[in-house]
Amino acid sequence: MTALVYLEQTDGAVDEPSLQAATMASSLGGGAEVHAIVAADTAALAPAGQLPVDAVQVAVHEAFGSYAPLAVAEAVVELAGRLGATCVVGPGTERGNEVLAHVAALLDLPLAANCVAVADARVTRVRWGGSLLEEARVDAPTLLLTVQPHAVAAEPGAGDPPSVETFTPTLSEAALALRVVERVAAATGGVSLADARVVVSGGRGAGSEEGFAPIEELAELLEAAVGCSRAVTMAGWRPHTDQVGQTGTKIAPEIYIACGISGATQHMAGCKGAKRILAINADREAPILQSADYAVIGDLHEVVPAISAAIRAARSG
Ligand SMILES: Cc1cc2nc3c(=O)[nH]c(=O)nc-3n(C[C@H](O)[C@H](O)[C@H](O)COP(=O)(O)OP(=O)(O)OC[C@H]3O[C@@H](n4cnc5c(N)ncnc54)[C@H](O)[C@@H]3O)c2cc1C
């Protein structure tokens, strides 16, 4: 049996979630031989040092100078076919999941994403934003899976460093068309949502893009980051980088101030790391009140400016 693990790396160093994926791949039973694939625009970016794999193959192509998920997937499929791999593993990061999803589509096979354990074809994986673990048997000739970050501890690998070889993958025109061509820094006002000690978020209850003005004002006073729900990003009132939740950013502030947010499971999956939650909501039956430590029942367009005014008054007095 041969397993192939896709590794993401930055400047020649393999990222931690990829090391964890390699560790899980190396723990597969049956004496599996584990090969790793990295994609780079130059062979000089081959990973160095100990890895828990037997061999590393560097897919070298100029397209890999930026993120090109379908092209990487084609390289993975090409190598998996050449090796006769019966298992292809990737990190359960956004990019790892995207690349493996393309691999699954190319091979027309199922993908078990965000696995925390695997034995033979049985996987245990995280579902519903971490609120349940699913056990499943994958019925496919090649097991495709990604490893939930931090589900296993990364181990460097014992013995000699793996052999390193390079190859030039054959990539389709369509794959080359799908790549990152520009990076634009998000306008976060200096406070990163993921690291903020205080987050003030608005939901559909804000009513409009302009309805975020009092939320932004309170956030500025508290040196907080502004967040929002998916209803807000779907309406185009805020960018996706502001979204908190299962398909947004996971946050862990000292206090999370949720204004006009109902508290759907997918939203709460992103803020369950908050130490305290203050909910401001017009509806005293809103689900978020079950998770909130504090609540103000009322119209956020009155409550939020009143909190800002009280903070200003306290600071000036
Ligand atoms: C696969 C999937 C992934 C998803 N991922 C995410 C995610 O990452 N993040 C996310 O947020 N959602 C996510 N969702 C969507 C989620 O299910 C909810 O639809 C969404 O969170 C609802 O947003 P909301 O609370 O702003 O809106 P609503 O549910 O419409 O709630 C609006 C709230 O505002 C209150 N309100 C209205 N007016 C006022 C006022 N004037 N003052 C005070 N309160 C007021 C209402 O009482 C209500 O509680 C996902 C859904 C799916 C299916």
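Residues numbered from 1 in each chain as written. Predicted model: local features only at pLDDT ≥ 70, side-chain atom pairs only at ≥ 80, totals over all residues. Heavy atoms only, no water.

### A word on helix 3 (residues 94-107)
Reasoning step 1: The end-to-end C-alpha distance of helix 3 is 20 Å, a good match for the 20 Å that 14 residues give at a rise of 1.5 Å each.
Reasoning step 2: Of the residues making up helix 3, those classed as buried are Gly96, Asn97, Val99, Leu100, His102, Val103 and Ala104.
Reasoning step 3: Where the residues of helix 3 are buried, they touch strand 1 (2-6), helix 2 (69-83), strand 6 (87-91), strand 7 (111-119) and strand 10 (143-147).
Reasoning step 4: Once helix 3 ends, the next one or two residues include Asp108, with phi positive near 55 degrees. (Helix = DSSP H or I, 4+ residues; strand = E, 2+ residues; numbered from the N terminus. Expected span 1.5 Å × (residues − 1). Buried < 20%, exposed > 50% of the residue type's maximum accessible area, 1.4 Å probe, protein only. Contact = heavy atoms within 4.5 Å.)

### A short note on the packing of aromatic side chains
Reasoning step 1: Scanning the entire structure with this criterion turns up zero aromatic pairs.
Reasoning step 2: In this structure, Arg82 packs its charged tip against the face of Phe167, placed 5.0 Å from the ring centre. (Phe/Tyr/Trp six-rings, centres within 6.5 Å; stacked < 30°, edge-to-face > 60°. Lys NZ or Arg CZ within 6 Å of the ring centre and 35° of its normal.)

### A word on the nonpolar core
Reasoning step 1: Counting residues in hydrophobic clusters, the biggest one holds 30 residues, and the most contacted among them are Val5, Leu7, Val53, Val89, Val123 and Leu145.
Reasoning step 2: Mapped by element, the contributors of at least two residues to this core are strand 1, helix 1 (16-26), strand 4 (33-40), strand 5 (55-60), strand 6, strand 7 and strand 10.
Reasoning step 3: Broken down by element, this core gets its largest block of residues, five residues, from helix 1.
Reasoning step 4: Not counting residues up to four positions away in its chain, the partners in contact with Val5 are Ala21, Ala22, Ala25, Val34, His35, Ala36, Ile37, Val53 and Val89.
Reasoning step 5: Judged by nonpolar contacts, the second largest core, of 27 residues, contains Tyr6, Ala59, Leu70 and Val88. (Core = buried A, V, L, I, M, F, W, Y, C linked by side-chain atoms within 4.5 Å.)

### Considerations on the pairing of strand 9 (residues 132-137)
Reasoning step 1: Of all the six residues making up strand 9, zero are buried; the element is thus mostly uncovered.
Reasoning step 2: Between strand 8 (residues 122-127) and strand 9, which pair antiparallel in sequence order, lie four residues; one of them, Trp128, sits at a positive phi of approximately 50 degrees. (Pairing = 2+ DSSP bridges.)

### Observations regarding the pattern of salt bridges
Reasoning step 1: Taken as a whole and judged by the stated rule, the model has six salt bridges.
Reasoning step 2: Close ionic contact of Glu134 with Arg125 constitutes a salt bridge, the shortest N to O distance being 2.7 Å.
Reasoning step 3: Classification of Arg125 as buried rests on a relative accessible area of 16%.
Reasoning step 4: Overlapping salt bridges, with partners in common, bring together Arg125, Arg127 and Glu134 in one network. (Salt bridge = Lys/Arg side-chain N within 4 Å of Asp/Glu carboxyl O.)

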